Amino acid sequence: MLEIILLSITQGITEFLPVSSSAHLILVSKFINFNNDNLTLDISLHFGSLLAVLFFFKKEILNFLNNKSLFLKIIIASLPTIIFGYLLVKLNIIDQLRNINVIGFTTIFFGLLLYISDKSKINKNTVNDFKIKDSIYIGFAQTLSLIPGVSRSGITITCARFLNFNRVESAKISFLLSIPTLLAVCSYNVVKIVQLNNLQITMQNFLGMILSFTFSLIVLKIFINFLKKFSLIVFVFYRILLGLLIFTI
C-alpha cells in the first residue's frame, strides 16, 4: 500500500511540472524496489491526472464552441506524440530508453534548454497568437518527451517559451496538450488489458486515482500562480541537481 501511495503522489506532483513524471516514477520504483507491472494501476495514476486537468479547464471545455480553434490546434499538436509513441511501443524501443544513464543526461540537458528558453521577454497571448504553425512546432517538440527524463511539460513549455509565449500561457498550452496525451495513454493500456483479459480493479487502484487527481489539481493551481511571480530557474536547478545525483547511483 505504501508503494501505491508514493507512486500516486509522485505522479500527481510531477505530471504537470517541467521535471518528467516518467523519470520520477522510474526512480521512485527503483528506490523502493517496486516492480510496477500493474496496467490497471498505471491507468489509475494517469486517469487521476487526466481528471484533474479536465476539472482545471472545465470552463474552457464546457465552452468548447467558442474555443474550437484552440482545441483544434491542441489536437494537431498532440498527433505527432501519439503516432511516434505508438510506433516506439510496437517496435519495442520504448523500454530500451528507460535506463538511468538516459534519464540522467536528458534531465540535465533539457533543464539547461529550459533555462535558455526562459530568457524570452516577449509575451504572446494563447488565444490571439497561438497559430497552426506554433501547434506544429510544439507538437513535434513534445515527441521528445517519449524519452524518460525529457518531461512532456518541460519540453512543451520550453518550445512555447522559444516561440515567445509568456510563462503562464506556455504552461496553459502544456496543460491542454496533456489532455489528448493522457487520454491516449489510458486508452492504450485499457486495450492491452482487454487483450490480456486481466482486468483487476482493486481499492488500491481507486486510491491511486484519487491521490493522483488530488495532487495533480493542487500542483496545477500552485504552478500557475507561481509562474505569475517567478521564473523557471528553480526547476532548472532541480533538474541539474537531480541529473547529477542520478549519475552517482
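Each value, and the rule that gives it
The numbers attached to residues start from 1 for each chain and follow its sequence in the written order. Totals for whole chains, interfaces and linings use every residue, but because this is a predicted model, local features are given only for residues with pLDDT of at least 70 and side-chain atom pairs only at 80 or more, for both listing and counting. Based on all heavy atoms of the structure, the side-chain values leave hydrogens and waters out of the count. The numbering of helices and of strands both runs from the N terminus, where a helix is a DSSP run of H or I of at least 4 residues and a strand a run of E of at least 2. Our radius of gyration is a C-alpha quantity, and the globule rule it is checked against amounts to 2.2 Å times the number of residues to the power 0.38. Cavity: a set of points on a 1 Å grid over the protein atoms alone where a 1.4 Å probe fits but cannot get out. Pocket: an open set with protein on both sides within 12 Å along at least five of seven lines, its lining residues, like those of a cavity, having an atom within 4 Å of a point. Grid points are joined across faces, edges and corners, and a volume is the space filled by probe spheres set on the points. The nonpolar class holds Ala, Val, Leu, Ile, Met, Phe, Trp, Tyr, Cys and Pro. Asp, Glu, Lys and Arg form the charged class, and all remaining residues, Gly among them, are polar. Expected span, for any helix, means 1.5 Å times one less than how many residues it has. Note on exposure labels: buried denotes an accessible area under 20% of the residue type's maximum, exposed denotes more than 50%, and partly exposed covers the range between, all computed with a 1.4 Å probe on protein chains only. Only heavy atoms enter the contact rule, under which two residues are in contact if any of them lie within 4.5 Å. Take the buried residues of types Ala, Val, Leu, Ile, Met, Phe, Trp, Tyr and Cys, join any two whose side-chain atoms come within 4.5 Å, and each joined set is a nonpolar core. Two rings from Phe, Tyr or Trp (for Trp, the six-membered ring) form a pair when their centres are within 6.5 Å of each other. A pair whose planes differ by under 30 degrees is stacked, one over 60 is edge-to-face, and the rest are tilted. When a carboxyl oxygen of Asp or Glu lies within 4 Å of a side-chain nitrogen of Lys or Arg, that pair is called a salt bridge. Identification of polar contacts relies on pairs of N or O atoms within 3.5 Å, with a donor-acceptor requirement for protein atoms, meaning one able to donate a hydrogen and the other able to accept it, and with residues adjacent in sequence counted only if both atoms are side-chain atoms.

(A) Examining the overall build of the chain more closely. Each helix and strand in the chain was counted, giving twelve helices and zero strands. In the chain, the succession of helices and strands from N to C terminus is α-α-α-α-α-α-α-α-α-α-α-α. The globule rule puts the C-alpha radius of gyration for 249 residues at 18 Å, and the 17 Å found for the chain is close to it. When the backbone C-alpha atoms are referred to their principal axes, the chain occupies close to 50 × 45 × 35 Å.

(B) Broad picture of the layout of surface pockets. Empty space within the second largest pocket amounts to approximately 220 Å³. Taken together, His24, Leu27, Val28, Lys30, Phe31, Ile100, Tyr238, Leu242, Leu245, Ile246 and Ile249 make up the full set of residues lining the second largest pocket. Among the elements that line the lining of the second largest pocket, the one with the most residues is helix α2 (residues 21-31), at five residues. For the lining of the second largest pocket, the per-class residue count stands at nine nonpolar, one polar and one charged.

(C) Quick peek at helix α11 (residues 203-227). Here α11 contains 25 residues, and its C-alpha end-to-end distance of 36 Å stays within 8% of the 36 Å for a straight helix at 1.5 Å per residue. Those residues of α11 lying buried are Asn205, Gly208, Leu211, Ser212, Ser216, Leu217, Val219, Leu220, Phe223, Ile224 and Leu227.

(D) Examining the environment of Asn123 more closely. With respect to the secondary-structure elements, Asn123 resides in the loop between α6 (100-117) and α7 (126-129). If we ignore the near neighbours within four places in the chain, the residues touching Asn123 are Asn164 and Asn166.

(E) Up close: unusual backbone geometry. Positive phi outside glycine occurs at Ser20, with the angle close to 80°. Relative to the helices and strands, Ser20 is located in the loop between α1 (2-14) and α2. Residue classification places Ser20 among the buried positions, given a relative accessible area of 3%. The phi angle at Asn164 is positive, at roughly 75°, despite the residue not being glycine. Locating Asn164 in the fold gives a position in the loop between α9 (152-162) and α10 (167-196).

(F) Representation of the nonpolar core. In this structure, Val53, Ile138, Phe175 and Phe223 are the most contacted members of the largest nonpolar core, which totals 40 residues. Residue assignment for this core shows that the elements contributing at least two residues are α3 (39-56), α5 (68-90), α6, α8 (132-142), α9, α10, α11 and α12 (233-248). A total of eight residues in this core trace back to one element, the largest contributor, which is α10. In this view, Phe223 contacts Phe16, Leu17, Pro18, Ile157, Ala171, Phe175, Leu232 and Phe235; residues no more than four positions away in its chain are not counted.

(G) Geometry of the packing of aromatic side chains. According to the stated counting rule, one finds twelve aromatic pairs in the structure shown. Measuring from ring centre to ring centre gives 5.1 Å for Phe56 and Phe57, while their planes differ by 85°; the resulting arrangement is edge-to-face. Judged by centre distance (5.1 Å) and plane angle (35°), the rings of Phe226 and Phe230 are tilted. With a relative accessible area of 24%, Phe226 lands in the partly exposed category. Note on Phe230: relative accessible area 46%, which makes it partly exposed.

(H) Structural view of the pattern of salt bridges. In total, this model carries three salt bridges according to the counting rule given. The partner of Asp118 in a salt bridge is Arg161, with the nearest N and O atoms 3.0 Å apart. With Asp118 in the loop between α6 and α7 and Arg161 in helix α9, the pair connects residues that are 43 residues apart, well separated along the chain. Note on accessibility: Asp118 and Arg161 belong to one class, buried.

(I) Region of interest: α6. Taking 1.5 Å of rise per residue, the 18 residues of α6 would be expected to cover 26 Å, and the 26 Å separating its terminal C-alpha atoms lies within 8% of that figure. Every buried residue of α6 is listed here: Ile100, Ile103, Gly104, Thr106, Thr107, Ile108, Phe110, Gly111, Leu114 and Ser117. Buried residues belonging to α6 abut α2, α9 and α12. Capping the start of α6, Asn99 holds a side-chain oxygen 3.1 Å from the backbone nitrogen of Asn101, two or three residues further along.

(J) Region of the structure containing the side chain of Thr10. Tracing the backbone through its elements, the reader meets Thr10 in helix α1. A relative accessible area of 12% means that Thr10 is categorised as buried. Within polar-contact distance, the side chain of Thr10 engages the backbone oxygen of Leu6 at 2.7 Å. Contact partners of Thr10, with chain neighbours within four places excluded, come to His24, Leu25 and Val28.

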